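# Observations on the model geometry
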Amino acid sequence: YTPTHASWLNQVEIWFSILTRKALKTNSFTSTDQVRRTIDAFTKAHNKQAAPFEWKKKFVKPGKLSDNYADL
């Protein structure tokens, strides 16, 4: 369970997901220097068009909390 006030952590996870999908997953590396250069190049290119993440929270209807994990 991640509380809604931990949205900064979600932003970090989203950033690494974007980096992985767009820069790392489709490449094959033979050294850590290649990985570092690829990450740096992606970050530089991505930052030119970067925009803040927009968080939208849908209304959550309050309900009774379960007493036991098995009751979820």
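Overview of the structure. The numbers attached to residues start from 1 for each chain and follow its sequence in the written order. At least 70 in pLDDT is required for a residue's local features to be given in this predicted model, at least 80 for side-chain atom pairs to be given and counted, and no such filter applies to totals for whole chains, interfaces and linings, which use all residues. In computing side-chain properties, one takes all heavy atoms of the structure into account and sets aside hydrogens as well as water.

### Overview of the overall build of the chain
A tally of regular secondary structure across the chain gives two helices and zero strands. A total of 72 residues make up the chain; the buried ones form 7% of that total. Carbon and sulfur atoms provide 56% of the accessible area of the chain, an area that totals close to 6,900 Å². Strands here mean DSSP runs of E at least two residues long; helices mean DSSP runs of H or I at least four residues long; both are numbered from the N terminus. Remark: exposure states derive from per-residue accessible area (1.4 Å probe, protein chains only) relative to the maximum for the residue type, with buried under 20%, exposed over 50%, and partly exposed in between. Per-residue accessibility takes into account occlusion by the displayed protein chains alone, with areas from the Shrake-Rupley method and a 1.4 Å probe.

### Observations regarding a nonpolar patch on the surface
Patch membership needs two things, relative accessible area over 30% and no salt bridge, and members are linked within 9 Å if like-charged or within 5 Å if nonpolar (Val, Leu, Ile, Met, Phe, Trp, Tyr). We define a salt bridge as a side-chain nitrogen of Lys or Arg found within 4 Å of a carboxyl oxygen belonging to Asp or Glu. Residues Leu9, Val12 and Phe16 make up a contiguous nonpolar surface patch of about 240 Å² in total accessible area. Along the polypeptide, Phe16 turns up in helix α1 (residues 7-24).

### Topic: the environment of Thr38
For Thr38, the position within the fold is in helix α2 (residues 32-48). For the pair formed by Thr38 and Leu19, sequence separation is 19 residues and the distance between their alpha carbons is 9.9 Å. The contact criterion used throughout is that any non-hydrogen atoms of two residues lie within 4.5 Å. Ignoring any residue separated from it by four or fewer positions in sequence, one finds Thr38 in contact with Ala23, Leu24, Asn27 and Phe29.

### Some thoughts on the pattern of salt bridges
In total, this model carries one salt bridge according to the counting rule given. Note that Asp33 and Arg36 form a salt bridge whose closest N and O atoms lie 3.3 Å from each other. Highlighted residues: Asp33 and Arg36, both in helix α2, separated by three residues, approximately one helical turn. Judged by its relative accessible area of 41%, Asp33 is partly exposed.

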